[in-house]
Amino acid sequence: MEDAGGEEEETQQENGRLMLADGVGQRGPKSLTSSSGQQVSNGFTTSTPQSPREGPGTAASSGGTASGNGSSMPLGGLRTLVVQQTSLDRPRETWSKKMDFLLSVIGYAVDLGNVWRFPYICYQNGGGAFLLPYLLMAVFGGVPLFYMELALGQFHRSGCISIWKHICPIFKGIGFAICIIALYIAFYYNTIMAWALYYLLSSFRPTLPWTTCTNEWNTANCNRYMSTDHNVSWSNSSTSPAEEFYTRQVLQVHLSPGLHQLGSVSWQLALCLLFIFTVVYFSIWKGVKTSGKVVWVTATFPYLVLVVLLIRGATLPGAWRGVVFYLKPDWDKLLSTTVWIDAAAQIFFSLGPGFGVLLAFASYNPFHNNCYKDALVTSSVNCLTSFLSGFVIFTVLGYMAEMRQQNVDDVAKDAGPSLLFIIYAEAIANMPAATFFAIIFFLMIIMLGLDSTFAGLEGVITAMLDEFPHILVKRREWFVFGLVCVCYLGALSTLTYGGAFVVKLFEEYATGPAVITVVLLEVIAVSWFYGTNRFCNDIQVMLGFYPGCFWRVCWVAICPCFLLFIIISFLAFPPEVKLFHYQYPQWTTVLGYCIGVSSFVCVPAYMIYHLLNAKGTFRQVPCLLKTRLTHKNPVSAIFVALPT
């Protein structure tokens, strides 16, 4: 830049962006244009200043002023500074409609856990009293993390790997860790949809197969307990036909003694999973243009089914018993740390920050999209859906308790998938038009899972395409095909007779602690190293307003404490994992932790690699020291200055 008004500033142009001498990059649409509304450096068209910080002199014509680092100065011989886009990369794909993005985020956040985990956690931890810690954890932990990831993805327009070259390159291993965790989740999560598909196909018959005890898989303990069988008594040793259909026909866990001997692969489930992955492939192979259309069905249909099931459940005898049990507050439970741990974990895994999905989805938004409002709307919809699902589940549990003449807590002893595939399936079998309700219910389960799978794999695809664009962008269809094949092969262990044990191991140990640790590092990197002030300035450039004090305090202090609280609680009170007859031995716990560490280990590994390959780093110590003394965020200066 030329000398103007006696003041001299050093700037350098990099990929169409203005990089100031203090190391702070003015990213986004902050390039200078004339007032005629021509295209600016990042590909957007404007006729007005892009940020309140730029002032009216940013797009200056002759005789105007130009803004450098926030202060205006008169133009001398130079009337206009034009920053041109020199990159020949193709323009980034965007959503066809705003609603495509919202439905995709809602479909990702609202998954199977909203239907089975929240109702169980809620009644187990004090009923209505649990809503207090749940809402507090959402307001101070979950929603700020949700907002942060949407803002990061939309501003930097990058996936979870390449985004770190803009934030803090030494933390790039976080992006690779996120991709590995997403693969681990794909290995077991889609198997649950394969179970639901098996149920769906079994529903197309006049008599549902989990309503009778005369099938080849049934045992002598099977007790057919329909609403019309008043002369049948239920004992603790009794098993329902729905339970035996699930454990002995679908899963066939009775053929496996445990993780040390999984048995062979179930060919029926293998075909079901193959169909699921085929649907996934043809939904995401072309990008958000196709997946954004698919979610109009997969994200909205579950709400229609939930409303239908709620209306039907509310008309069943004994439904009120389930609702009272669900919402009756037990305030003494709030004195237990377990309640607060469960609330924190539930809101975190429900909203789903840290999986790279929100970064990927937001990166396809227009630069000035109001992601702040999107974060509030989608997170609110997610929490309300969890609350609604509780009524859908517990009206039916009250009906089952009335039928069996038992307490609701005895009926609701099953958690996780068993709540859906045993208790709810049996309740549906007792309803009039049972075949119809079974079909729409298991269709809902499949669609809830598909949305999350679309999102999880899109997070990986976006990250890899952004990191290796010259290799993968033109070969997206083949890359997606290879990724789906890897996920299918990785899921084969979950299709064995002991596959349910593998699913539980992945869910409890392999992915949960790893992703929370990764998100903790992500928050620290953004808030402490990149700097909250710089991040808030980015949001102001993008949205036109500066985040309030509440959000800044949450990002700097409350969110890290929130995540650290979950990690410490998990280490101090590890879950006691048991599934059906199998009590997980100690070596399986070590195995689960090893799988989780295998994804997380790439974070320190990349830090070491980055430092070893930072050419001339030690020769640049005087320069780095000078940068640290002049940088607005001293903690982050040396990390930002390291070579990328």
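Residues numbered from 1 in each chain as written. Predicted model: local features only at pLDDT ≥ 70, side-chain atom pairs only at ≥ 80, totals over all residues. Heavy atoms only, no water.

Enquirer: Explanation requested: the packing of aromatic side chains in the structure shown.
Expert: For any pair of aromatic rings, the description rests on two quantities: the centre-to-centre distance and the angle between the ring planes. By the definition in use, this model includes 53 aromatic pairs. Consider the rings of W95 and Y364, whose centres lie 6.4 Å apart with planes at 90°: the pair is edge-to-face. Taken as a pair, W95 in the loop between β5 (72-74) and α1 (98-109) and Y364 in the loop between α12 (357-363) and α13 (371-404) lie far apart in primary sequence, 269 residues in all. Just as W95 is buried, Y364 falls in that class too. Taking the centre distance of 5.4 Å and the plane angle of 85° together, the rings of Y326 and F391 count as edge-to-face. (Phe/Tyr/Trp six-rings, centres within 6.5 Å; stacked < 30°, edge-to-face > 60°. Helix = DSSP H or I, 4+ residues; strand = E, 2+ residues; numbered from the N terminus. Buried < 20%, exposed > 50% of the residue type's maximum accessible area, 1.4 Å probe, protein only.)

Enquirer: I keep staring at helix α18 (residues 476-490) and nothing clicks. Help me out?
Expert: Turn by turn, an α-helix covers 3.6 residues, leaving residues three or four places apart pointing in a common direction. The end-to-end C-alpha separation of α18 is 21 Å, in line with the 21 Å expected for 15 residues at 1.5 Å each. Taken residue by residue, α18 has R476, F479, V480, L483, V484, C487 and Y488 as its buried positions. Residues of α18 that are buried make contact with α5 (173-202), α7 (267-284), α16 (434-467) and α17 (469-472). (Expected span 1.5 Å × (residues − 1). Contact = heavy atoms within 4.5 Å.)

Enquirer: Looking at this model, I keep getting lost on the packing of α5 against helix α6 (residues 241-250). Mind explaining?
Expert: Two numbers describe a pair of packed helices, the interaxial angle and the distance between the axes. Two numbers describe how α5 lies on α6: the axes approach to 12 Å, and their chain directions differ by 115°. The interaxial crossing formed by α5 with α6 has right-handed handedness. Residue-level contacts link W195, Y198, Y199 and S202 of α5 to A242, F245, Y246, Q249 and V250 of α6. Tallied by class, residues from the contact of α5 with α6 come to 7 nonpolar, 2 polar and no charged. (Axes fitted to C-alpha atoms, helices over the stretch in contact; angles between N-to-C directions. Left-handed = near helix turned anticlockwise from the far one by under 90°. Nonpolar A, V, L, I, M, F, W, Y, C, P; charged D, E, K, R; others polar.)

Enquirer: What's the story with the side chain of S599 in this structure? I'm lost.
Expert: Structurally, S599 can be placed in helix α22 (residues 586-600). Owing to a relative accessible area of 0%, S599 belongs among the buried residues under this scheme. At a separation of 2.6 Å, a polar atom in the side chain of S599 contacts the main-chain carbonyl oxygen of G596. Excluding its chain neighbours within four sequence positions, the residues that come into contact with S599 are A177, I180, I181, Y184 and A514. (Polar contact = N/O pair within 3.5 Å; in protein donor to acceptor, adjacent residues only side chain to side chain.)

Enquirer: Explanation requested: the UniProt feature "binding site: Na(+)" (unreviewed entry) in the protein chain in the structure shown.
Expert: According to UniProt, the "binding site: Na(+)" (unreviewed entry) feature falls on G107, A109, V110, N114, S350, N382, L448, D451 and S452. In three dimensions, the annotated residues from a span of 346 residues occupy one location, with a maximal C-alpha spread of 13.5 Å. Examined against the element boundaries, G107 turns out to sit in helix α1. The exposure class of G107 is buried, given its relative accessible area of 3%. Residues within four places of G107 in sequence aside, it is in contact with A299, L448, D451 and S452. Among the structural elements, S350 can be located in helix α11 (residues 337-351). Classification of S350 as buried rests on a relative accessible area of 5%. Aside from chain neighbours lying at most four places away, what touches S350 is A109, N114, N382 and S386. Within the local environment of S350, its side chain forms a polar contact with the side chain of N114, the two groups lying 3.5 Å apart. (UniProt positions renumbered as here; feature names shortened; annotations may be inferred.)

Enquirer: Just checking my understanding: could you explain helix α19 (residues 499-510) for this structure?
Expert: With respect to burial, α19 is a largely interior element, 9 of its 12 residues being buried. For α19, the set of buried residues is G499, A500, F501, V502, V503, L505, F506, Y509 and A510. Residues of α19 that are buried in the fold lie against α5, α20 (512-543), α21 (549-572), β6 (578-579), β7 (582-583) and α22.

Enquirer: Honestly, the packing of α5 against helix α23 (residues 602-612) in this entry has me stumped. Any pointers?
Expert: It is the contact of α5 with α23, at a shortest axis distance of 8 Å, that shows an interaxial angle of 150°. Judged by the inter-axis angle, α5 sits roughly antiparallel to α23. The handedness of the crossing between α5 and α23 comes out as right-handed. Residue-level inspection shows G173, I174, F176, A177 and I180 of α5 in contact with α23, the latter providing C602, V603 and Y606. Of the residues contributing to the contact of α5 with α23, the split by class is 7 nonpolar, 1 polar and no charged. (Parallel < 35°, antiparallel > 145°, perpendicular 65-115°, else oblique.)

Enquirer: So what exactly am I meant to see when it comes to the nonpolar core here?
Expert: Side chains of a nonpolar character, in soluble globular proteins, are inclined to be buried together. Formed by 196 residues in total, the largest nonpolar core has its most connected members in W195 and W210. It is α5 that provides the largest number of residues to this core, a total of 21 residues. Ignoring anything within four residues of it in the chain, the contact list for W210 reads Y199, S202, S203, P241, A242, F245, A425, E426, A429, A438 and F442. (Core = buried A, V, L, I, M, F, W, Y, C linked by side-chain atoms within 4.5 Å.)

Enquirer: What's the story with the environment of Y364 in this structure? I'm lost.
Expert: Residue classification places Y364 among the buried positions, given a relative accessible area of 6%. C-alpha of Y364 to C-alpha of F101: the two residues are 263 residues apart in sequence and 8.6 Å apart in space. Filtering out sequence-adjacent residues up to four positions away, Y364 remains in contact with R92, E93, T94, W95, V288, E458 and T462.

Enquirer: In this structure, what is going on with the state of the cysteines? I would like to understand it.
Expert: Cysteine pairs can be linked by a disulfide, which is a covalent bond between their two sulfur atoms. Counted under the stated rule, the structure contains 1 disulfide. Residue C213 pairs covalently with C222 via a disulfide, S to S 1.9 Å. What sets the handedness of the C213 and C222 disulfide is the S-S torsion sign, and at about -70° it is left-handed. Overall, the relative accessible area of 24% leaves C213 in the partly exposed class. Summary of cysteine pairing: C549 is not part of a disulfide, and the nearest cysteine sulfur, belonging to C554, is at 9.2 Å. Not engaged in a disulfide, the cysteine C602 finds its nearest cysteine sulfur in C179; these two sulfurs lie 8.8 Å apart. Overall, the relative accessible area of 17% leaves C602 in the buried class. (Disulfide = S-S within 2.5 Å.)

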